Amino acid sequence: MKAVAFLDLLGFSNTVTKCAEEALAMLHNYNSILHIGIFEKKVHPSSGYVPELQPLAKRNSMESFDDFLPFSDSIFITSDNCSDFMMQLGAFLEKSFHFTSHFYANPENKENPLETHSLGLEEDGNGGWKVIETPCQIPPTLFRGGVSFGEVNRITPSAISDGTKIDGHTLIGKAVVKAVGMEKKVKGPRIVFDNSIYEQLDEDTRLYTRVLPEDVDYYELLWPAMPFILENDMRNELIHFHDMFTPAYNLWNYYKNDK
């Protein structure tokens, strides 16, 4: 029995059809967060911090992740500990968005906050080099998903990669099916979960959730709130609101007429 999350990378299919390089950048963004989490788990686990900082270090880690299985624009993640998992999942989502959010907070083009320029070099024809600017777009790394708890089985079916047989890795089980189904309950970058998860959450974790307005039989993880440390003076924590709200507003303003 495990918690399993199914995440769908929003906008990936549309981005692939427009520019494969920009779509690959979206995958690179969350992979960078994953690599940092794996590195920190090995060299500086939360148990290595002073006792006062251990809860915060654990919350920002990925120590509860048992499986992290990506394929194209989808990810499956599993865990044995629902409270730690939901907090760490929320931190992963927030970090993935924050990875490029500074572009949208201070965009080069206020009409299109995704638009920027990459710098490169090319020969100038006189034996020298010149700097060139190439227009490109940086799509936000945002996920929609569902989380459930229950039967999850890890299997390793045979697969082929570059003509060579390898052991694949995938998950099956009732909780997997339920998590995939819940992802379709909402629009936008939101994470839905059911009572099988909620009933196992501690009180601190429940503060970062709410009943789903569209369907009161489900709940929603408030992942944008993860940077807020409730024990701190809220006047000092307001910078986190600014960091999240400004890029989010600029993106909303750009997409608001797109159904």
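All of the points below concern the structure found in this document.

1. Re the pairing of strand 6 (residues 143–150)
Item 1. Counting buried positions over the eight residues of strand 6 gives eight, a clear majority of the element.
Item 2. Note that strand 1 (residues 2–9) and strand 6 share eight bridges and pair antiparallel. Counterpart to K2 in the pairing with strand 6 is G150.
Item 3. As defined by bridge partners, strand 6 adjoins strand 11 (residues 191–193) across three bridges and the pair is classed as parallel. Paired with G146 across the bridge in strand 11 is V192.

2. Some words on helix 2 (residues 20–43)
Helical geometry note: an α-helix holds 3.6 residues per turn, so side chains three or four residues apart project in the same direction.
Item 1. The end-to-end C-alpha distance of helix 2 is 34 Å, a good match for the 34 Å that 24 residues give at a rise of 1.5 Å each.
Item 2. Every buried residue belonging to helix 2 is among E22, A23, M26, L27, N29, Y30, S32, I33, L34 and G37, and all of these are buried.

3. Digging into the packing of helix 4 (residues 82–105) against helix 8 (residues 234–255)
Item 1. Closest axis-to-axis distance for the helix 4/helix 8 pair is 9 Å, and the angle between their directions is 65°. In terms of axis orientation, helix 4 runs roughly perpendicular to helix 8. Taken as a pair, helix 4 and helix 8 cross one another with a handedness that is left-handed. Contact residues: helix 4 offers E94, F97, H98, S101, Y104 and A105, while helix 8 offers D243, M244, T246, P247, A248, N250 and L251.
Item 2. When the residues that make up the contact of helix 4 with helix 8 are grouped by side-chain class, the tally is seven nonpolar, four polar and two charged.

4. Structural notes on the packing of aromatic side chains
How two aromatic rings sit relative to each other is set out by the distance from centre to centre and by the angle between their planes.
Item 1. Scanning the model with the defined rule gives 16 aromatic pairs in all.
Item 2. Ring geometry for F65 and F85: centres 5.6 Å apart, planes at 75°, overall edge-to-face. Of this pair, F65 sits in the loop between helix 3 (54–59) and strand 2 (67–71) while F85 sits in helix 4, and the two are 20 residues apart along the sequence. We note that F65, like F85, is buried.
Item 3. When the ring of Y254 is compared with that of Y255, the centres are 4.9 Å apart and the planes differ by 65°; the resulting orientation is edge-to-face.
Item 4. Residue Y254 is classed as partly exposed on the basis of its relative accessible area of 33%.
Item 5. According to the relative accessible area criterion, Y255 is partly exposed, its value standing at 38%.
Item 6. Every member of this aromatic cluster is reached through a ring pair, and the members are Y30, F65, F68, F85, F92 and F143.
Item 7. Above the ring of Y198, the side-chain terminus of R206 is found at 4.2 Å from the ring centroid.

The rules we used
Residues numbered from 1 in each chain as written. Predicted model: local features only at pLDDT ≥ 70, side-chain atom pairs only at ≥ 80, totals over all residues. Heavy atoms only, no water. Buried < 20%, exposed > 50% of the residue type's maximum accessible area, 1.4 Å probe, protein only. Helix = DSSP H or I, 4+ residues; strand = E, 2+ residues; numbered from the N terminus. Pairing = 2+ DSSP bridges. Expected span 1.5 Å × (residues − 1). Axes fitted to C-alpha atoms, helices over the stretch in contact; angles between N-to-C directions. Parallel < 35°, antiparallel > 145°, perpendicular 65-115°, else oblique. Left-handed = near helix turned anticlockwise from the far one by under 90°. Contact = heavy atoms within 4.5 Å. Nonpolar A, V, L, I, M, F, W, Y, C, P; charged D, E, K, R; others polar. Phe/Tyr/Trp six-rings, centres within 6.5 Å; stacked < 30°, edge-to-face > 60°. Lys NZ or Arg CZ within 6 Å of the ring centre and 35° of its normal.

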